[in-house]
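Understanding the architecture of this molecule
In case you want the letters, here they are:
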Amino acid sequence: MLKRPRAVIGSLAAAAVMLFAPISSAVADTYWQCVPFARLISGVQIYGDAYTWWRQAVGKYETGFTPKAGAVLCFKPTGKMRLGHVAVVSQVLTDRVIQITHANWSRIGGTRGQIEKDVTVIDVSPTGDWSQVKVWYDPVRDLGSSTYPTHGFIYQDATAIKIANSRLNSAQNAAIAVAQGAASQVASVVRPGAGPLQMLSQAADSTDRIAALIQAATQMQPPADSN
């Protein structure tokens, strides 16, 4: 069994993503669809259902069958996944093993529509062209039993990279600001006179505590929107 090199976003990164909710085309009540989330973090400006992305990419983005960080992996529609799926490559581990970041895949805590970061994906195609893959499935804590057909990878162009980097930098700054604000709210109660940075330092041994502060401070929900 492969050890799971993935994690559900649950700390500063989650807060940063949620701060982008008003511009991210997310579905209401923090339910994330794969398409708006992939578009958000890759910068690839394609709209519509996931199964249409490969066709739409023709003439607009380079495509291929070799994984690259930042590229969008396009899944073909299947009986269980009628609209297809898109996910963004986080990193390439080997020529046949990658990690992806995507939304609305595993049932986590019994619910869908959640974000998963650095999820293991293995190429199981006979010729090593990434036309068939297996994907980590959180409920079984292992690769799922299903094999999924894929079209291949849509690669970022210079504009997509610029958009993605800009959003990442803004998200990081916003997350820091939120964390400092959250720490300020509790500083006077827990330790009168302590500043926000000092509070964050005191809580640095537990990212869950920081995440809880951020969640309590933001209480933000993405608005309803389709792809």
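Note that the structure is predicted; figures quoted are calculated from it, not measured.

Side-chain pairs of opposite charge can arise whenever the charged atoms involved come near each other. With the rule as written, the count across this model stands at three salt bridges. The salt bridge involving Lys 117 is made with Asp 118; its shortest N-O contact spans 2.9 Å. According to the relative accessible area criterion, Lys 117 is partly exposed, its value standing at 36%. For Asp 118, a relative accessible area of 17% corresponds to the buried category. Close ionic contact of Asp 138 with Arg 141 constitutes a salt bridge, the shortest N to O distance being 3.6 Å. Take Arg 141: its relative accessible area is 45%, and that puts it in the partly exposed class.

Next up on the list: the confidence of the model for the chain. Model confidence for the chain is summarised by a mean pLDDT of 78, while 64% of its residues fall at 70 or above. Predicted confidence is poor over residues 3–16, with pLDDT under 50, and the contacts of this stretch with residues over four places away or in other chains come to 34 contacts. Segment residues 18–28: pLDDT under 50, and 39 contacts once partners within four positions in sequence are set aside and those in other chains are kept.

This model, assessed by the stated rule, comprises six aromatic pairs. Between the aromatic rings of Trp 32 and Phe 37, the centroid separation amounts to 5.6 Å while the plane-to-plane angle is 80 degrees, which identifies the pairing as edge-to-face. A centroid spacing of 6.3 Å and a plane angle of 75 degrees characterise the contact between Phe 75 and Tyr 148, whose relative ring orientation is edge-to-face. Here the residue Phe 75 occupies a position in strand β3 (residues 72–75), and Tyr 148 occupies one in strand β9 (residues 148–154), the gap between them amounting to 73 residues. Since its relative accessible area comes to 19%, Tyr 148 is described here as buried. One aromatic cluster is present, built from ring pairs that chain together Phe 75, Trp 105 and Tyr 148.

Moving on to the state of the cysteines. Summed over all chains, the structure comprises zero disulfides. With no disulfide of its own, Cys 34 has Cys 74 as its nearest cysteine by sulfur position, at a separation of 9.7 Å. Judged by its relative accessible area of 1%, Cys 74 is buried.

Looking now at the side chain of Asp 118. As for its placement among the helices and strands, Asp 118 is situated in strand β6 (residues 115–123). At a separation of 3.1 Å, a polar atom in the side chain of Asp 118 contacts the side chain of Ser 90.

This next bit is on the pairing of β9. Among the seven residues of β9, five are classified as buried, and the element is accordingly described as predominantly covered. The sheet contact formed by β3 and β9 spans four bridges and is antiparallel. Its bridge partner lying in β9, Leu 73 is registered against Phe 153. Where strand β7 (residues 132–137) and β9 come together, two bridges link them in antiparallel fashion. The residue of β9 that forms the bridge with Gln 132 is Pro 149.

Attention shifts here to the environment of Tyr 31. Tracing the sequence through the fold places Tyr 31 in the loop between α1 (12–19) and α2 (34–42). Overall, Tyr 31 belongs to the partly exposed group, its relative accessible area being 31%. Residues Tyr 31 and Gln 114, 83 residues apart in the sequence, show an inter-C-alpha distance of 6.3 Å. A distance of 3.2 Å separates the side chain of Tyr 31 from the side chain of Asn 104, its partner in a polar contact.

Turning to the pairing of strand β4 (residues 85–94), a few remarks are in order. Across four bridges, the pairing between β3 and β4 is antiparallel. Within β4, the position partnered with Cys 74 by the bridge is Val 86. In this sheet, strand β5 (residues 97–103) lies alongside β4 in antiparallel orientation, the contact comprising five bridges. For Val 92, the partnering residue across the bridge sits in β5 and is Ile 98. Hairpin remark: β4 followed by β5, antiparallel, with two residues in the connecting loop.

How each quantity is defined
- Residues numbered from 1 in each chain as written.
- Predicted model: local features only at pLDDT ≥ 70, side-chain atom pairs only at ≥ 80, totals over all residues.
- Heavy atoms only, no water.
- Salt bridge = Lys/Arg side-chain N within 4 Å of Asp/Glu carboxyl O.
- Buried < 20%, exposed > 50% of the residue type's maximum accessible area, 1.4 Å probe, protein only.
- pLDDT = per-residue confidence, 0-100.
- Contact = heavy atoms within 4.5 Å.
- Phe/Tyr/Trp six-rings, centres within 6.5 Å; stacked < 30°, edge-to-face > 60°.
- Helix = DSSP H or I, 4+ residues; strand = E, 2+ residues; numbered from the N terminus.
- Disulfide = S-S within 2.5 Å.
- Polar contact = N/O pair within 3.5 Å; in protein donor to acceptor, adjacent residues only side chain to side chain.
- Pairing = 2+ DSSP bridges.

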